[in-house]
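Results of the structural survey
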Amino acid sequence: MSEPVHYTPFHPRWHRKRVSVWWWLKKGSYALFVLRELTSVFVALLALLCLWQVRAVMQGPVAYVELLAWMRTPFFLGLNAVSLLFVLFHAVTWFNLAPKAMVVRVRGKRVPDWAVAGSNYLAWVVLSAAVAFLLMRA
Amino acid sequence: MSAATVTLEVARYRPEREASPCFEAYEVPLRNDWTVLDALNHIKDTADGSLSFRWSCRMGVCGSCGMKVNGEPKLTCGTFLSDCLPGPIRVEPLDYFPVIRDLVVDITDFMKKLRKVKPWIIRKQEKPTSQGEYLQTPDQLDAYKPFSMCINCLLCYSACPIYGLEPSFIGPAALALAQRYNQDSRDEGSAERLGIVSEHDGIWQCTFVGECSKVCPKNVDPAGAIQQYKLTVAARWFRSLLLPKGAH
Amino acid sequence: MTERFTPLLWAVFSAGGTIAALLFPVHVLLFGFAFPLGWIEPPSHEALRGLLAHPLTRLYLFTLISLPLFHWAHRFRYTLYDGLQLKHLTELIAVLCYGTALLGSAAAAYLLWTAT
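What counts, and at which threshold
Residues numbered from 1 in each chain as written. Chains lettered and ligands numbered in written order. Predicted model: local features only at pLDDT ≥ 70, side-chain atom pairs only at ≥ 80, totals over all residues. Helix = DSSP H or I, 4+ residues; strand = E, 2+ residues; numbered from the N terminus. Rg over C-alpha atoms; globule rule 2.2 N^0.38 Å. Contact = placed C-beta atoms within 7 Å. Nonpolar A, V, L, I, M, F, W, Y, C, P; charged D, E, K, R; others polar. Core = buried A, V, L, I, M, F, W, Y, C linked by C-beta atoms within 7 Å. Buried ≥ 20, exposed ≤ 12 C-beta atoms within 10 Å, placed from the backbone. Domains from an automatic or database assignment. Pairing = 2+ DSSP bridges. Axes fitted to C-alpha atoms, helices over the stretch in contact; angles between N-to-C directions. pLDDT = per-residue confidence, 0-100. Expected span 1.5 Å × (residues − 1).

Within chain A, the regular secondary structure consists of four helices and two strands. A compact globule built from 138 residues should have a C-alpha radius of gyration of about 14 Å, whereas chain A, at 25 Å, is more than 25% larger. Its C-alpha atoms put chain A at 90 × 45 × 25 Å along the principal axes. Summarising the internal contacts of chain A: among those between residues at least 6 apart in sequence, 42% fall at separations of at least 24.

Across its full length, chain B holds 10 helices and seven strands. Along the three orthogonal principal directions, the C-alpha set of chain B runs to about 80 × 40 × 30 Å. Restricting to contacts in chain B with at least 6 residues of sequence separation, those with at least 24 account for 66%.

Next up on the list: the interface of chain C and chain A. Contact with chain C, which involves 44 residues of that partner, is made by 42 residues of chain A. Residue assignment for the side of chain C that touches chain A shows that the elements contributing at least two residues are helix H1 (6–34), helix H2 (45–53), helix H3 (55–83) and helix H4 (90–113) of chain C. With 14 residues, H1(C) is the largest single contributor of residues to the side of chain C that touches chain A. Here the residues of the side of chain C that touches chain A sort into 33 nonpolar, nine polar and two charged.

Attention now goes to the interface of chain C and chain B. Contacts between the two partners involve nine residues from chain C, matched on the other side by nine residues from chain B. Going through the elements one at a time, H1 and H3 of chain C are the ones with two or more residues in the side of chain C that touches chain B. Considering every element that reaches the side of chain C that touches chain B, the biggest residue donor is H1(C), with five residues. Residues of the side of chain C that touches chain B, tallied by class, amount to five nonpolar, two polar and two charged.

A separate point is the nonpolar core. Ranked by size, the top nonpolar core spans 65 residues in total, and within it B:Leu8, B:Cys156 and B:Leu175 carry the most contacts. Counting residues per element, this core draws most heavily on helix H7 (residues 172–182) of chain B, at seven residues. When residues of this core are assigned to domains, at least three map to each of domain 1 (5–105) and domain 2 (108–242) of chain B. Not counting the four nearest positions on each side in its chain, B:Cys156 is found in contact with B:Pro172, B:Ala173, B:Cys212, B:Val215, B:Cys216 and B:Pro222. Listed in part, the 51 residues of the second largest apolar core include C:Phe24, C:Phe31, C:Leu69 and C:Tyr81.

What follows concerns the sheet that holds strand E2 (residues 22–29) of chain B. All names here are of chain B. A sheet is described by the order of its strands in space; here five strands give the open sequence E2-E1-E5-E3-E4, paired in mixed fashion. Either end of the sheet is taken by a strand with one partner, and the two such strands are E2 and strand E4 (72–75). Looking at each pair of strands side by side, their axes are set apart by 35° on average, direction ignored. Both strand E1 (residues 5–12) and strand E5 (residues 89–92) contribute to a ladder of three bridges, which runs parallel. Looking across to E5, one finds that Glu9 is bridged to Arg90.

Mapped onto the fold, C:Pro55 is located in helix H3. Given 10 C-beta atoms within a 10 Å radius, C:Pro55 is considered exposed.

Moving on to the confidence of the model for chain A. Chain-level statistics for chain A give a pLDDT mean of 90 and a share of 91% at 70 or above. Element-level pLDDT for chain A is lowest in strand E2 (residues 109–110) of chain A, with a mean of 84, against a maximum mean of 96 in helix H3 (residues 74–101) of chain A.

Time to look at the pairing of E4(B). Residue and element names in this part refer to chain B. In this sheet, E4 lies alongside strand E3 (residues 66–69) in antiparallel orientation, the contact comprising four bridges. Opposite Lys68, over in E4, you have Pro73 as the bridge partner. Connecting the antiparallel pair E3 and E4 is a turn made up of two residues, with Asn70 showing a positive phi of about 50°.

Take unusual backbone geometry next. All names here are of chain B. A cis amide bond links Leu85 with the next residue in sequence, Pro86, at an omega value of -10°. Examined against the element boundaries, Pro86 turns out to sit in the loop between E4 and E5. For the bond from Gly87 to Pro88, the omega torsion is -5°, close enough to zero to count as cis. Here Pro88 shows up in the loop between E4 and E5. Its identity as a non-glycine residue notwithstanding, Asn152 has a phi of 55°, on the positive side. By secondary structure assignment, the location of Asn152 is in the loop between helix H4 (145–148) and helix H5 (155–159). Of note in this structure, Phe208 is not a glycine but carries a positive phi near 55°. As for its placement among the helices and strands, Phe208 is situated in the loop between helix H8 (190–197) and helix H9 (211–215).

With that settled, the discussion passes to the domain arrangement of chain B. All names here are of chain B. Annotation of chain B at the domain level lists domain 1 (5–105) and domain 2 (108–242). Measuring from the centre of the C-alpha atoms in domain 1 to the corresponding centre in domain 2 gives 30 Å. Counting residues at the interface gives 13 residues for domain 1 and 12 residues for domain 2. Taken together, the elements giving at least two residues each to the side of domain 1 that touches domain 2 come down to E3 and E4.

Structurally, the position occupied by C:Ile65 is in helix H3. We classify C:Ile65 as buried; it has 24 C-beta atoms within 10 Å. Each C-alpha atom of the pair C:Ile65 and C:Gly104 lies 7.9 Å from the other, and the pair is 39 residues apart in sequence. When sequence neighbours within four positions are dropped, the list of residues in contact with C:Ile65 reads A:Ala47, A:Cys50, A:Leu51, C:Gly104 and C:Ala108.

Okay, H3(C) next. With 29 residues, H3(C) ought to run about 42 Å at 1.5 Å a step, and its terminal C-alpha atoms sit 41 Å apart, in line with that. Phi turns positive one or two residues past the end of H3(C), at C:Gln85, with a value near 55°.

Written out as structure tokens, the structure reads:
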């Protein structure tokens, strides 16, 4: 037989398992992954909340006081609490994964992962402090 | 004196007589230096000679013996029975590849994708042998060495949910190997590979689940390779936007 | 359809994710809890209007709103595609996600541009 071997991509007797829509519940790490991806929903919610807050401030002092009152309601306290948890989860997973994507080389040697992640955390603290300072000084 | 034994639940699939896979249980001696591969060979020697599975080097360098042990993709030659206790130990073929028979899967899809990414040194001009070898510093070797450790065992494909959901996805190992050559100082082919990996089923399908790097037995870190690739391609995209056409 | 722009979409997703990670926690802590509940004296309305008047503040706020919206759009699009296996709706999902982000960004831009 001098003919080249020919592989068939589909063979009727080979078994192919269908992937269930609940695939992400099969393993803990898959579920954590989906949770991480869902943090984006709360990121979007917070962005829209910020937009609403800016609008309230621009509408005048009465609207501003009303906004602060709205934020005190159980609904918004709850929403903000859940959003904060999700956004913190997003931040921690984001900073921990950053070294995988951003390979920094100093004098030919790769900067270790903990240093890249650490500088992200440092930036987080510094920027948060700066924002807080600016707003509290006002 | 009765020696300790452990039960192995092995997936069987004999297409000539059954429509879908089933499990068969076998009692195997629990020796503390035995791996799952040793247990499978024991079953084939003593219980059922028709049990089909792939293996070769039995020391974790050939990539043949990849299977799922208790739901996790593993090299059976490196998975000790004592680490899988208590039994029964479930042995199944790798996920997301069609099963030909028992524990043997068809890997043609991967072979096609591997070839597609051109995993070899591409140069405009080969250096003639008379001019000597290509020199590389240890730092230049460091840039791609982890990606070169891939043994094509396909555990990463079995762990990648994206590959399961989107069979046309090029996949972790192939993309890591493309990056291995992109990062090699001797290679000049990254532009050529760019078109292939930038397609819909290339790097952009990956959502950084990260399971591939977790199961890799050689610490290749394909997830890292793909994220680095995304960054490089994005940077290139912006550069081509800001620089006049034709410039790189 | 959006394949030519995937590198750009990914870059914006990354930028948005970084901004959300670095700055959203402090904003939620302050405007969601500390100021409304009085843990810290909230800034006066005049002070906030003063800050808003500055073009840098408006640029900061636009980035704070727009980029994370695009981060959500890109990530959520893939979550729907993979998680719920809605492959047959892939174009609709892309339009809905990026479209919403564009609308939100346009609203933010309009609002901040007209702020005096």
